[in-house]
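One letter stands for each residue in the lines below.
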Amino acid sequence: MYSINVENITFTYPAHKGKKLSSHFSLDKILLSLTAGTFLSIVGPNGSGKSTLLKIISKILLPDSGKVKIFEKDYSTIPRKDLAKKIAFVPQTQPLAFPFTVYEIVLMGRSPYLQGFGFENIEDKNIAQDAMKKTDIQHLSSRYINELSGGEIQRVFLARALAQQAPILLLDEPNTHLDLQHQIEILTLIKKLVTNDGISVVAVFHDLNIASMFSDEILILNFGKVHAVGKTASVVNKKNIEEVFRTDVIIDTHPVITSPRVTLIPDFKNKIN
Ligand code: ADP
Ligand code: MG
């Protein structure tokens, strides 16, 4: 069963439509299929369209042409509340205009399930508590979101997404602000959701080694086009990485697991001064 099919989508931001800008950006005929229970990472240089693609898959932005199917159903026919039971999205940056507490934000993950007057029941509250436990934020429960560190905020929004209990999890750079311990803990938790519970994950990463260690499949985006997509071991090779990231690398194998390892080569002698 496919959880996500992206079928030949194209997209240009409305502000750029019909203009010939030097910085013109479009997603061009993106094709992608994800089987349920798969961890896919999207990597690519700044501005290559990673966040835009995730926003299209989550229906925050609509494609200009082409289709997105969620569990083999065209998502333009799925009402928002139903789609929110299928897809949880953690964006790259969070609007923090209102001073909600951590617990209130995590509980918002239950909103697609609320009936009638919209009060959370005991089950919703237990699910929110469980999500806070898994992301190690229980001790922050009554703190205000605007008084937390970047890494703590990131874990709060991940907890909200977990509380949503959706079979598809979209994560835009979920580890950027996390310290090493929390990176490993959170990514291991996400990996377990994939292998044990059959959740589908699409995550954007900057760190190629993190992407390589945790994902089954990798999609490399470059200037709005798919440069390569497939199993991690076949996509993370010297040719692909050097072409797209325009820097020399050595690719070998992680010393403990079998994933490809990417090492940067600093050229101090020639490049400094
Ligand atoms: P990435 O996540 O790969 O760094 P993005 O998807 O955020 O890249 O952005 C891709 C391109 O689209 C960039 O050139 C960016 O400046 C542009 N862009 C992003 N958001 C908007 C917007 N709301 N309106 C116009 N252009 C945008
Ligand atoms: Mg981005």
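What counts, and at which threshold
Residues numbered from 1 in each chain as written. Chains lettered and ligands numbered in written order. Predicted model: local features only at pLDDT ≥ 70, side-chain atom pairs only at ≥ 80, totals over all residues. Heavy atoms only, no water. Phe/Tyr/Trp six-rings, centres within 6.5 Å; stacked < 30°, edge-to-face > 60°. Buried < 20%, exposed > 50% of the residue type's maximum accessible area, 1.4 Å probe, protein only. 1 Å grid on protein atoms, 1.4 Å probe; cavity = no way out; pocket = protein on both sides within 12 Å on 5 of 7 lines; lining within 4 Å. Points joined across faces, edges and corners; volume = space filled by probe spheres on them. Nonpolar A, V, L, I, M, F, W, Y, C, P; charged D, E, K, R; others polar. Helix = DSSP H or I, 4+ residues; strand = E, 2+ residues; numbered from the N terminus. Domains from an automatic or database assignment. Near = heavy atom within 4 Å. Polar contact = N/O pair within 3.5 Å; in protein donor to acceptor, adjacent residues only side chain to side chain. Areas by Shrake-Rupley, 256 points an atom, 1.4 Å probe, with all protein chains shown as cover. Contact = heavy atoms within 4.5 Å. Salt bridge = Lys/Arg side-chain N within 4 Å of Asp/Glu carboxyl O.

1. Focus on the packing of aromatic side chains
Phase 1 of the analysis: Counted under the stated rule, the structure contains three aromatic pairs.
Phase 2 of the analysis: Seen from their ring centres, Phe11 and Tyr13 are 4.9 Å apart, and the 85 degrees between their planes marks the pair as edge-to-face.
Phase 3 of the analysis: Since its relative accessible area comes to 4%, Phe11 is described here as buried.
Phase 4 of the analysis: We classify Tyr13 as partly exposed; its relative accessible area is 26%.
Phase 5 of the analysis: Between the aromatic rings of Phe39 and Phe205, the centroid separation amounts to 6.4 Å while the plane-to-plane angle is 20 degrees, which identifies the pairing as stacked.

2. Observations concerning the layout of surface pockets
Phase 1 of the analysis: A volume near 360 Å³ is recorded for the largest pocket.
Phase 2 of the analysis: Lining the largest pocket are 15 residues, and of these Ser58, Ala84, Ile87, Phe89 and Gln164 lie nearest its centre.
Phase 3 of the analysis: Counted by class, the lining of the largest pocket contains nine nonpolar, four polar and two charged residues.
Phase 4 of the analysis: Estimates place the volume of the second largest pocket at around 250 Å³.
Phase 5 of the analysis: Taken together, 18 residues make up the lining of the second largest pocket; nearest its centre are Pro91, Gln92, Gln94, Gln154 and His177.
Phase 6 of the analysis: In terms of residues, the lining of the second largest pocket owes the most to one element, helix H5 (residues 150–163), which gives five residues.
Phase 7 of the analysis: In terms of residue class, the lining of the second largest pocket is made up of eight nonpolar, seven polar and three charged.
Phase 8 of the analysis: Counting the residues that make up the lining of the second largest pocket, at least three belong to each of domain 1 (1–86 + 166–247) and domain 2 (95–165).

3. Things to note about the site of ligand 1
Phase 1 of the analysis: Taken together, Tyr13, His16, Phe25, Pro45, Asn46, Gly47, Ser48, Gly49, Lys50, Ser51 and Thr52 make up the full set of residues adjacent to ligand 1.
Phase 2 of the analysis: Measuring from an oxygen atom of ligand 1, one finds a backbone N or O atom of Gly49 at 3.0 Å.
Phase 3 of the analysis: Contacts to ligand 1 include Ser51, whose side-chain N or O atom sits 2.9 Å from an oxygen atom.
Phase 4 of the analysis: Relative to its unbound accessible surface of 560 Å², ligand 1 loses 63% to contact with the protein.
Phase 5 of the analysis: Taken together, the residues of the shell around ligand 1 break down into three nonpolar, seven polar and one charged.

4. A look at the domain arrangement of the protein
Phase 1 of the analysis: For the protein, the domain assignment lists domain 1 (1–86 + 166–247) and domain 2 (95–165).
Phase 2 of the analysis: Domain 1 and domain 2 are separated by 24 Å when their C-alpha centres are compared.
Phase 3 of the analysis: Across the contact, 19 residues belong to domain 1 and 16 residues belong to domain 2.
Phase 4 of the analysis: Counting across the domain 1 and domain 2 interface gives zero salt bridges.
Phase 5 of the analysis: Counting across the domain 1 and domain 2 interface gives seven residue pairs in polar contact (both at pLDDT 80 or more).
Phase 6 of the analysis: At the level of elements, helix H2 (80–86), strand E7 (168–172) and helix H6 (180–197) are the ones that each hand at least two residues to the side of domain 1 that touches domain 2.
Phase 7 of the analysis: The leading source of residues in the side of domain 1 that touches domain 2 is H6, at six residues.
Phase 8 of the analysis: Here the residues of the side of domain 1 that touches domain 2 are counted per class, giving eleven nonpolar, four polar and four charged.

5. A closer look at empty space enclosed by the protein
Phase 1 of the analysis: Taken as a whole, this structure holds one cavity of 30 Å³ or more when the rule is applied.
Phase 2 of the analysis: Considered as a void within the structure, the largest cavity measures approximately 30 Å³ in volume.
Phase 3 of the analysis: Around the largest cavity, the lining residues are Val43, Leu208, Ala211, Ile218, Ile220, Val236 and Ile241.
Phase 4 of the analysis: Of all the elements in the fold, those that place two or more residues in the lining of the largest cavity are helix H7 (208–214) and strand E9 (217–222).
Phase 5 of the analysis: Of the residues that constitute the lining of the largest cavity, the class distribution is seven nonpolar, no polar and no charged.

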